[in-house]
Amino acid sequence: MRQLTDVSHAIADLASIDEVLQLAVERAVEILPAAKACLLISDAQGVVGVRAAAGVDPQVAETFRAPLDERLLVSLAAALLVSGENKLVAVPLILRGEVTGLLVAARSGHERPTEEDEWLLTALADQTVVALDNARLGKEAHRREQELGVLSAAKSARERQLAMVVHDVRSPLAAILLFVKVLESGNPGALTNKQLGILNRLRSTCWHIDELLSSVLELAIVESGGVKLSRSAVAVQPIMHEAVVVSGAAAYEQALTLTIHQSDLVVYADANRVRQVLVNFISNAVKHTPRGGTIALRGVTEMRDDRRWGIISVTDTGPGIPPEEQDAIFEPYYRVGRIASVSEGGAGLGLAISRELARRMGGDVGVRSVPGQGATLELRLPLEPPR
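Each value, and the rule that gives it
- Residues numbered from 1 in each chain as written.
- Predicted model: local features only at pLDDT ≥ 70, side-chain atom pairs only at ≥ 80, totals over all residues.
- Heavy atoms only, no water.
- pLDDT = per-residue confidence, 0-100.
- Contact = heavy atoms within 4.5 Å.
- Pairing = 2+ DSSP bridges.
- Helix = DSSP H or I, 4+ residues; strand = E, 2+ residues; numbered from the N terminus.
- Axes fitted to C-alpha atoms, helices over the stretch in contact; angles between N-to-C directions.
- Patch = residues over 30% accessible without salt bridge, like charges linked within 9 Å, V, L, I, M, F, W, Y side chains within 5 Å.
- Areas by Shrake-Rupley, 256 points an atom, 1.4 Å probe, with all protein chains shown as cover.
- Salt bridge = Lys/Arg side-chain N within 4 Å of Asp/Glu carboxyl O.
- Buried < 20%, exposed > 50% of the residue type's maximum accessible area, 1.4 Å probe, protein only.
- Arc of directions from axis to C-beta.

> Please set out the confidence of the model for the protein chain residue by residue, giving values where relevant.
Averaged over all residues, the pLDDT of the protein chain equals 78, while 75% of them reach at least 70. Note that pLDDT drops below 50 for residues 11–15; the model gives that stretch 15 contacts with residues more than four away or on any other chain.

Below, the structure written as structure tokens:
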């Protein structure tokens, strides 16, 4: 177990997903011991290829492709020049409930794989999955790039310390998630339903803490001016559609209706950041709209402060926001009626980040609400470049 703990810390400290995968196969060779090991990742069509290998002919690693089905190990054994697929020990990489690949090893000499080999390889695969999960959709690579950016360009010791704290906390979180997966696998021993429920709550809490860390760091980056903007004339209609697609799953679970009103609005802004703000707005609306309610998106132009602006709004049919709280909802960690709770899955930073992004684009955010009649969050943006 000590070896696996050391591997867990090593994996958590690596910056590149390719480094993580390579370390996984190298440690598989070392721990079993094995003559060969490879890590196969599945693409969108269900075809696996070798992403990392140890003791394997480089040409085989580069060219091997096979469907992720019952014949895979036969094909792999032939490609690796192993006499029979029963000489291979293979465990799946399960990411968010889906098999995304395999970690495969061939025992050294003439020894056949044992149950202990499978247990060790499963534990190693679980560690690798934690790293893959952190890197899902490229978020981990982007996140680490932001962390390094804050460290190198921070304007104060407080910001540098924040980035280092975020990095240091994530390593033990990854280790905790690893051991949760190992316990859930049943390899150390069968668990009761009550024990499995505790592990599930522990895993959810780790995810919420990681989400909070990401939000805290992102807010620090935005406030310190570390976000690079690429502003241009942007059509709002496609961005509203993209934001709804991103938020659709959460709304579907609540049986909410998402409506986009036709708009020919064009604003001068960063398209990616506009989308981010709208996703935050929709996420907030989903949390506060009762099951079966509606959320509507609009894009219009309005005169405000003797100037014409582009206004993108998200209106829900929730309970609304009391007048005395409307000025506070864009403050960090604030939630209507109470302080944000990590256990409830919210960091209370989405709207604060949205305000900072809006202001960086030359605009602002606002809210209109009558208690009992829902709420409307607004993103105000310039229609043309500053003169």
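That shown, we press on.
> I'd like to hear about the sheet that holds strand S1 (residues 34–42), residue by residue, with values.
Strand order in the open sheet formed by five strands is S3-S2-S1-S5-S4, with antiparallel pairing between adjacent strands. Looking along the sheet, the strands with just one partner apiece sit at the ends: strand S3 (65–67) and strand S4 (88–95). Averaged over neighbouring strand pairs, the angle between their axes works out to 30° when direction is ignored. Of the strands in this sheet, S1, strand S2 (47–54), S3, S4 and strand S5 (98–107) are in contact with helix H4 (residues 72–79), which crosses S4 at around 125°.

> Now, about a nonpolar patch on the surface: what can you tell me, with residues and values included?
Together, Leu68, Ile94 and Val99 make up a nonpolar patch on the protein surface, roughly 220 Å² of accessible area in all. Along the chain, the position of leucine 68 falls in the loop between S3 and H4. Classification of leucine 68 by relative accessible area gives partly exposed; the value is 31%.

> I'd love a proper account of unusual backbone geometry, names of residues and values included.
A positive phi angle is found at leucine 81, which is not glycine, with a value near 60°. Residue placement: leucine 81 occurs in the loop between H4 and S4. The class of leucine 81 is exposed, set by a relative accessible area of 75%. For aspartate 306, which is not glycine, the phi dihedral falls at a positive 60°.

> I'd like a rundown of H4, residues and numbers included.
Those residues of H4 that fall on the buried side of the exposure criterion are Leu72, Leu76 and Ala77. The buried residues of H4 occupy one face: seen down the axis, they fall within an arc of 125°. Buried residues along H4 sit against S1, S2, S3, S4 and S5.

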